[in-house]
Amino acid sequence: MMKSLSQPIGRMAAHYTVVVVGSGYGAGVAASRLARAGQSVCVLERGRELLPGQYPRDLAGAQAEMQVSTSRGTLGRADGLYHVHLNPEVHAVVGCGLGGTSLINANVALEMDERLFAAEAWPQVFRDQPGLLAPYARRAREMLDPRPYPDDWPPLNKLDALQMSARAMKQPFSRPPIAVNFVDQTNPFGVPQPRCTLCGDCCSGCNVGAKNTTLMNYLPDAANHGAAIFTQCKVSHVERYGDRWRLHFLAGGDDGAAPEPRSVTADIVMLGAGALGSTEILLRSRDKGLPLSGRLGERFSGNGDVLAFGYDNYWRNTAPEGAAPAWANINGVGAGSNILAAADLPGPCITGLIDLRGSADPSQGLVIEEGVIPGPLASLVAASYFLAQSQIGGFFEYGTAQAKQRLQDAQTVGLAVQNDPTQLTALAYSGPAARSQTYLVMSVDDAAGRLALDDDRLAIHWPGAGLSPAIARDNAQLQQACRATQGEFVPNPLWTAPMGHQLVTVHPVGGCGMGDDAARGVVNDRGQVYAGAGGNQVHPGLYVCDGALLPGPAGVNPLPTISALAERVCALLAAERGWTVDLALAARGPLPPAAPPVPAPAPSTPHEGWLQRLGQGLQ
């Protein structure tokens, strides 16, 4: 059984050498490396600590873990695992818990196209030194242990279907490295990790413990080296306090009581609260008098994220060459609390990659990956697809023979939606919903977004974001992928004219972008925060170490780039102060005898009218 890492707030000291804000990829790196340097380290995480076995398995549990920030206020619990930021043009989804967004991402560890570092937005040192991040990326890989879905594991229909799309598009196909554990082991940080069970619930929270989130590696490593970790501590702002930093935060609030204002001082502050969180903290700090660059909040990017679906695909996965196409399930919905046959398990959220980054201009590159809808949402899948299909009406796109079957399937789902909603969960795993593919694209947008505080609420401003040529191109490529398996293409429902072509990003980056001086960036290439609107002077001991650092999109899943940048920031900081960071890891060992399962939380009651209020927030 995995041990809890967090401590009661009463154990917090008044001062630490280092305070790390956040616990995702950037913050986790900082906590581990600076604790290994022998320094007193405190970690402040705004969310709760949830261990494997405690993540939602059904819709009620998922609703109870939602927090939605809108211009009208916040819906749901303030420390819910799934944090949705609603804005007029671009919405963002991030994780809130010990482990940050690593708890709910698809854990793909693709490294950024090296040519993108040559863009003018990046500091000169990156433009002059190709491969600058390579040694730091290796350090991150040793900790996160990513590897492709094994060839000798069970075949996955969604992976085969994506490969069929790649062949039709005449584009390279591969299995990308994913931070998922495929062996029973005790990892080098003393955490027992069973192998993946193929349930597909990576993005609702891995209840198996097989996903290599920072909760499995960097954070226990930090705790093993003496770091003090505290949860439900939401940092508001930082201020200079003599020769130290004072961090102001709200603590607690899980028992229904109002959170308590507190503060802690530090010699060094490492902001790793994510692109949204770190930028918000610095924006509020600037409002309270801290001199910062005028570029703060600029060059925000959604990493070119595009979501779309291929509904009711008519494809074959095992038929011999030349045989007539046959219906075959894609199995793109996670198990959740449902019991699935072994052949119907979807596997990890992302296992395949169509790589379209081979063009001469790296800004035109993109990647297409397949995905899994988390099992807690299974009861919504069939009805959602049915409503989308009713708007698109593509029954006859592939001829009358298929149209007849599609119309019959639509009637079956429609009757269930109208008369027998109890069938809807089962319909996620059979019929047209089970033959549907989720597509995810990452590409190179123009990073023209801006983060700002509107009435003390973080807001994303990006007029026309959804109308950019890059987003139109990405959807066109997805349509090609969908046609290869004869599915009905369903774009993100928000990316439509009636909805104003809204975008959703799960990879927000930027806001505190690096630059060669304060006129061009918020921090320097070492993550040190500039102390004014111009020049190279920095605030002593104030750093940003997460995705907010990126001055532009990564063009792929950004976790390896964020981790490598954080590794470099910490290595340079340690070298500057004469600290030694021991990077040696223990050997991996066999899994210890089975322990009793971690109890799941008690069934929760959905917030009354929650979905209706969410819909109002989208309008």
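Residues numbered from 1 in each chain as written. Predicted model: local features only at pLDDT ≥ 70, side-chain atom pairs only at ≥ 80, totals over all residues. Heavy atoms only, no water.

### With respect to the side chain of H507
Inference 1: Within the fold, H507 resides in the loop between β21 (503-505) and β22 (528-530).
Inference 2: Apart from the residues lying within four places of it in its own chain, the contact partners of H507 are S301, G302, N303, D305, M442, N557 and P558. (Helix = DSSP H or I, 4+ residues; strand = E, 2+ residues; numbered from the N terminus. Contact = heavy atoms within 4.5 Å.)

### Description of the pairing of strand β16 (residues 366-371)
Inference 1: Of all the six residues making up β16, six are buried; the element is thus mostly covered by neighbouring parts of the structure.
Inference 2: Burial of the side chains of β16 extends over both faces: L366, I368 and E370 are buried on one face and V367, E369 and G371 on the other.
Inference 3: Pairing analysis gives four bridges linking strand β15 (residues 353-356) to β16, with the strands arranged antiparallel. Bridging from a neighbouring strand, I354 pairs with I368 of β16.
Inference 4: When β16 meets strand β17 (residues 437-443), the two strands line up antiparallel, connected through six bridges. Bridge pairing in β17 links I368 to V441. (Buried < 20%, exposed > 50% of the residue type's maximum accessible area, 1.4 Å probe, protein only. Pairing = 2+ DSSP bridges.)

### Some words on the nonpolar core
A general trend in soluble globular proteins is that nonpolar side chains are found buried together.
Inference 1: The biggest cluster of nonpolar side chains holds 133 residues, and the ones touching the most others in it are L44, M270 and I368.
Inference 2: Per-element tally for this core: the top contributor is helix α13 (residues 559-577), with nine residues.
Inference 3: Among all residues touching L44, those that are not within four sequence positions of it are M12, V19, V20, V21, G22, F230, C233, V235, F249 and V264.
Inference 4: Counting 22 residues, the second-largest nonpolar core is a separate cluster that includes A106, Y149, W153 and L159. (Core = buried A, V, L, I, M, F, W, Y, C linked by side-chain atoms within 4.5 Å.)

### Digging into the sheet that holds strand β6 (residues 90-95)
Inference 1: With mixed pairing, the five strands of this open sheet are ordered in space as β4-β3-β5-β6-β21. Two strands close off the open sheet at either side, each with one partner strand: β4 (73-76) and β21. Across the sheet, the axes of successive neighbouring strands diverge by a mean angle of 20 degrees, strand direction being ignored.
Inference 2: Where strand β3 (residues 66-70) meets strand β5 (residues 82-85), four bridges bridge the pair, whose relative direction is parallel. The partner of M66 across the bridge, within β5, is Y82. (Axes fitted to C-alpha atoms, helices over the stretch in contact; angles between N-to-C directions.)

### A closer look at the packing of helix α1 (residues 25-36) against α13
Two numbers describe a pair of packed helices, the interaxial angle and the distance between the axes.
Inference 1: At a minimum axis distance of 8 Å, the contact between α1 and α13 shows a crossing angle of 30 degrees. Remark: the crossing between α1 and α13 carries right-handed chirality. Counting all contacts with α1, which are made through Y25, G26, V29, A30, R33 and L34, the residues of α13 involved are L559, I562, S563, A566, E567, C570 and L573.
Inference 2: Per-class residue counts for the contact of α1 with α13 are nine nonpolar, two polar and two charged. (Left-handed = near helix turned anticlockwise from the far one by under 90°. Nonpolar A, V, L, I, M, F, W, Y, C, P; charged D, E, K, R; others polar.)

### Re unusual backbone geometry
Inference 1: Notably, R299 is not glycine yet its phi reads approximately 55 degrees, a positive angle.
Inference 2: Along the chain, R299 falls in the loop between α7 (274-287) and β14 (306-311).
Inference 3: Phi at N331 takes a positive value of approximately 60 degrees, unusual for a residue other than glycine.
Inference 4: Among the secondary structure elements, N331 is positioned in the loop between β14 and β15.

### Observations concerning the sheet that holds β16
Inference 1: Taken in spatial order, the six strands make up an open sheet running β7-β15-β16-β17-β14-β20, and their pairing is antiparallel. In this open sheet, the two strands that pair with only one neighbour each are β7 (173-174) and β20 (488-491).
Inference 2: Relative to β17, β14 is paired through five bridges, and the arrangement is antiparallel. Residue pairing in the sheet places L307 in a bridge with L440 of β17.
Inference 3: Taken strand by strand, helix α8 (residues 378-392) contacts β14, β17 and β20, and its axis lies near 105 degrees from that of β20.

### What to know about the pattern of salt bridges
Inference 1: Counted under the stated rule, the structure contains 24 salt bridges.
Inference 2: A salt bridge links D456 to R284, with the shortest nitrogen-to-oxygen separation between them at 2.8 Å. With D456 in the loop between β18 (450-454) and β19 (457-461) and R284 in helix α7, this pair connects stretches of sequence that are 172 residues apart.
Inference 3: Its salt-bridge partner being R520, residue D517 comes within 2.7 Å of it at the nearest N-O pair.
Inference 4: With relative accessibility at 48%, the residue R520 sits in the partly exposed group.
Inference 5: In the salt-bridge network here, residues are joined through shared partners; they are D312, R406, D409, R435 and E488. (Salt bridge = Lys/Arg side-chain N within 4 Å of Asp/Glu carboxyl O.)

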